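The lines below spell out each chain.
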Amino acid sequence: MTELLRVENLQVGFGDRQVVKGVSFSLEAGRCLAIVGESGSGKSVTARTLVGLTGGTSQVTADTLEFDGRDLRGLGDRQWRDVRGRDIGFVLQDALVSLDQLRPIGREIDEALRLHDYGTRDERRRRVLHLLDEVGIPEPLLRVRQLPHELSGGQRQRALIASAIALDPKLVIADEPTTALDVTVQARILHLLERIRDEGSALILISHDLAVVARMADEVAVMRHGEIVERGDAREVLADPQHEYTQALLDAIPSTHSKGTRLSPGTPHVTTVPARPARPADAPVLAAEGLVKRFRGPDGRDRTVVDDVSFTLSAGETLGVVGESGSGKTTTARLALALTEADGGRVLLNGEPWSELPEKRRRGRRREISVIYQDPLSSFDPRWSVERILADALPSDARDPRKRVAELLDLVGLEDEHRARRPLQLSGGQRQRVAIARALAPEPSVIVCDEPVSALDVSIQAQVLDLLTDLQEQLGLSYLFISHDLGVIHHMSDRVLVLNEGKVVETGTADEVFFAPKQPYTRALLAALPTLEPRGERPAMPEPSPTPSSSDTVEVSA
Amino acid sequence: MKSVALKILGALVVLWAAATFTFFVQAALPGDRATLLLNQDSGQIKKRTAAELAPINEEFGFDKPLVQQYADYLGGLATGDLGISYQKKAPVTEIIGEQILPTVWLTLAALVAAWVIALLLTLFTTRRSRVVKTLGSGFETLSAALPHYWLGVILLVVFAIQLSIFPVEGGTSLYGLILPALTLAIPLAGFLGQVTRDEFENVLDEPFITSARARGMGDFEVRWRHALRHAVLPAITLSGWALGALFSGAVIAEIVFARQGIGQILVTAANARDVPVVAGIVMVVAFVYVIANLLVDLAYRIVDPRIQT
């Protein structure tokens, strides 16, 4: 095979800030190179350099930047436009925002053809339908006229991929192509990308997810702070990482194997506050009995979002709630918090009625249960300082709030200097620590964690998960832990509740559910999960079902 | 379908509220209406005797109970009767009807011109070189702040009197429409342009714009085919308000350029305290607002097809 792409000593800077520092790699047709790294590592910028879309203020230099025998350095706008879409296809993450929301998907795909003068209108139309069919979108004749939001997440991503491969480009670059997707949908999208590669295109996969990479890549380049720290055969790099950063990334992934261990060994345990004895474990701190919640759908019919869900949560225990989007996880959390009125069933908090009380009487007991959200930024007033955010969450009868705020900051591993900062001046991990401190402020017995680490890089995620584990040991907290990430759920949970379409599919201890799943749905979910075992050494992926499963249908936001 | 019915019901409520308001303002104005009428006719201001007032009261129904008058007024409105002008003794509908078309044309021309100017500014000056960007947004800020009256006089003096490109008194010809329409359009264009520019800047940072560029789309096409459609949504919302404001603000352009139109009647009627005519115009303006907002709704649905679900 001859080299399709060769990059040597690539440098990209924005003003004084150098974001890519001397990156080199090459790629042959029919092969997949994965560029892995955390946010800010320069992986996306590197990818965009290859299509000349780093933006007007960037300075790009390279010793070699050669694609298909052509020097990409110094191409003019007109020449770049010829390359884009025709020779190199580019797929961004999250098709909901990467497709024009106001245009039917058919026009977006047609656009790629039209821009490169592909055939007549009729020929283009046939090609668009063919592409939709090829990427596995059912009923192309109907879908071609639909808007992105009328499609499911998986179908949208397929449509986006279709627009990128419309002209059979020699190279396809996919920037986090599955990041926002459910695990079963992710498996199908990865399968589609694999097929594109097998048909002879070269594939560059940008990802933070090492498990995805393990499944797809022939070669891996690990990026950190704008440099490639390790590069080589995917199997070798993942099985026997040479660089300590690669090793740390691999260690940080919560999974079946990591249970009971610390994910970020370098960070200290939190041991500053004396341990509070856990409550006697006889009565559950939180109990749900036959919860039902219905929402009115856009068609005017009621949808049962939570359907007869029961669970108990004991003191000091973590109950993991796992399911795909639309499974009712978040609604269950809101019902537990009594933020949403249940249509049936009830919730008991610390053995006493909770969901049935009028809000006025609940208010006095709100301090017993608190919540941590996925995106702390939107749950903070951006103009408030950390100190004010935390002081505001303290019970009104708190003595010496200043001292208590200092205590909370210490508990979550933040420094006194963070006190005066505002949310926007904090990193993602620090923000989530503030969110945790805020949840701890009223000394709750239960904390509902709704996707608390889903927006974080794997190393930061590891630290936050470790912190949550420490806090639980120390304060005897109970967690209702919601996540779509099976690895995170297994790592954190004592017991697990699997939800699908609002119903409890399976429940048991974490090991029971993960190692000996009883229900077909749970088994399918686990099978779809990419694992770190490199390609070839694991059983072949189950072929994605030709008909879309329930998770691939249009999601209706509750 | 349900939402359409609700919208129409809402529009009717607005019209009813406007009618009720104007009616009670008329009734509550200081001074006896019959005396006012007689004084206006004779040009003298004096106290009238009951014998003098009786036929007037009879003719205009001022002697009936207020509730009865209100019911009659609403009934008249429903059948398109806005009452009789005190001054001209002609039906208000007739007086307004004769003059409404020039104002409608002026308003629509101004709105279209404002949109064209605002869109061109956005398309060609947003995210360009520093100089172009500053010129574009500077023009918008400046023009949004221009008073109509001053702008109209300047346009008149420069283009009609000094350069003689346009007629000083355009009458109702298309050519004569240009300067008055620009008088109204330029400040509105600045305003719409500012709103659209902000949105346009945000849209240009969206991932779907990168997607389009990655397909090989050129900069102008990205702006024209993708970004603009997203960026005009806030300005469309404002256009409902703008259309109504243009209609009631047309009076200044009509006076400066001596055009026929509702504005002229409004000024004359207001000066003469010809209350039914003023009230009639208020009703027409309310009606224009209602129609404008329904049109905005429609336009919004066309530009943003997501709403239909």
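Calculation criteria
- Residue indices follow the written sequence of each chain, beginning from 1 at its first position.
- Both sets of labels track the order of writing: A upward for chains, 1 upward for ligands.
- Since the coordinates come from a predicted model, pLDDT governs what is reported: local features require at least 70, and pairs of side-chain atoms require 80 or more to be given and counted, while whole-chain, interface and lining totals use all residues.
- Only hydrogens and water are set aside; all other atoms, that is, all heavy atoms of the structure, feed into the side-chain values.
- Counting from the N terminus, the helices are DSSP H or I runs at least four residues long and the strands are E runs at least two residues long.
- For each residue, the accessible area found with a 1.4 Å probe, counting protein chains only, is set against the maximum for its type, and the residue is called buried under 20%, exposed over 50%, and partly exposed in between.
- In this description, contact between two residues means that some pair of their heavy atoms is separated by no more than 4.5 Å.
- Accessibility throughout is a Shrake-Rupley quantity obtained with a 1.4 Å probe, and a residue counts as covered only by protein chains that appear here.
- For each domain, the first and last residues come from an automatic or database assignment.
- Put simply, buried area is the surface a 1.4 Å probe can reach on two separate parts but cannot reach once they are joined, added for both.
- By this definition, two strands are paired if DSSP reports at least two bridges between them.
- Each salt bridge in this description consists of a side-chain nitrogen of Lys or Arg and a carboxyl oxygen of Asp or Glu lying within 4 Å of one another.
- Between N or O atoms, a polar contact is any pair within 3.5 Å; within protein, one atom must be a potential hydrogen donor and the other a potential acceptor, and residues adjacent in sequence are included only when both atoms are from side chains.

**Focus: the overall build of chain B**
Helix and strand counts for chain B stand at 13 helices and zero strands. Moving toward the C terminus, one meets the helices and strands of chain B in the order α-α-α-α-α-α-α-α-α-α-α-α-α. Taken over the C-alpha atoms alone, chain B extends approximately 85 × 55 × 30 Å along its principal axes. Split into buried and exposed, the 309 residues of chain B put 45% on the buried side. Partitioning the contacts of chain B with sequence separation of at least 6, the portion at a separation of at least 24 is 73%. Accessible area of chain B: about 15,300 Å², with a carbon and sulfur share of 69%.

**Some words on the domain arrangement of chain B**
Residue and element names in this part refer to chain B. Partitioning chain B into structural domains gives domain 1 (2-81) and domain 2 (93-308). At the interface, 17 residues of domain 1 touch 15 residues of domain 2. Here domain 1 meets domain 2 over a buried area of about 1,300 Å², counting both sides, of which 70% is carbon and sulfur. Contact with domain 2 buries surface across domain 1, with K7, L15 and Q26 losing the most and accounting together for 33% of the total.

**Overview of the pairing of strand β5 (residues 64-67) of chain A**
Residues and elements named next belong to chain A. Examined bridge by bridge, strand β1 (residues 3-14) and β5 share four bridges and lie antiparallel to one another. For V7, the partnering residue across the bridge sits in β5 and is L65. Pairing geometry for β5 and strand β6 (residues 70-71), over two bridges, is antiparallel. Each residue of the ladder has a partner; that of F67, found in β6, is R70. Adjacent in sequence and paired antiparallel, β5 and β6 are bridged by two residues, among which D68 carries a positive phi angle near 55°.

**What about the interface of chain B and chain A?**
How big an interface is tends to be reported as the loss of accessible area on association of its parts. Taken together, the 21 residues of chain B in the interface contact 26 residues of chain A. Buried area between chain B and chain A, both sides added, is near 2,200 Å², and the carbon and sulfur share of it is 56%. For the chain B face of the interface with chain A, the top three residues by lost area are A214(B), R215(B) and R306(B), together amounting to 31%. Seen at the junction of chain B and chain A, the total is three salt bridges. For E108(A), the salt bridge is made with R215(B), and the minimal N-O distance between the two is 3.4 Å. Linking chain B with chain A are 14 residue pairs in polar contact (both at pLDDT 80 or more). Listing elements by their share of the side of chain B that touches chain A, those giving two or more residues are α9 (207-214) and α10 (219-231) of chain B. Per element, the largest residue contribution to the side of chain B that touches chain A is seven residues, and it comes from α9(B).

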